[in-house]
Amino acid sequence: QGSISHVLPKIKNVGGIADHPYVDNSSNEFTERQQVILRLISEGHTNLSISELLDYSESTVRQETIKIFAKLQCDGRIEAATIYKEMMANSNEE
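Residues numbered from 1 in each chain as written. Predicted model: local features only at pLDDT ≥ 70, side-chain atom pairs only at ≥ 80, totals over all residues. Heavy atoms only, no water.

Chemist: Which residues make up the side chain of Ser42, and what values do they have?
Modeler: Within the secondary structure, Ser42 sits in helix H1 (residues 32–42). For Ser42, a relative accessible area of 9% corresponds to the buried category. What Ser42 contacts, discounting residues up to four positions off in sequence, is Ala81, Tyr84 and Lys85. (Helix = DSSP H or I, 4+ residues; strand = E, 2+ residues; numbered from the N terminus. Buried < 20%, exposed > 50% of the residue type's maximum accessible area, 1.4 Å probe, protein only. Contact = heavy atoms within 4.5 Å.)

Put into structure tokens, the structure is as follows:
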């Protein structure tokens, strides 16, 4: 797997995400892998394109996506992307 820093700019740690009303606090914070996958989802990438970009199996991306949706308590990619973009906008205001 190796470092993913060459693929994307360093993503902000969304540690403040726990305060977001849609986040299931019992699930803890996102892993670095989940943060990157969530960012790519928000950019419109499919599981297949994410797996190719990050050199993960499509199954791994699918499993991480399911975990991300559970943590955000959302039903799909569009809702997850909206929540992610809202969180990033809020973190930039601070």
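Chemist: Explain unusual backbone geometry to me, and be specific about the residues and the numbers.
Modeler: Positive phi, close to 60°, is recorded for Asp55, a residue that is not glycine. Note that Asp55 resides in the loop between helix H2 (47–54) and helix H3 (58–72). In the Ramachandran plot, Gln73 falls in the positive-phi region, its phi being about 55° despite a non-glycine side chain. Its location among the elements puts Gln73 in the loop between H3 and helix H4 (77–93). Residue Gln73 is classed as partly exposed on the basis of its relative accessible area of 48%.

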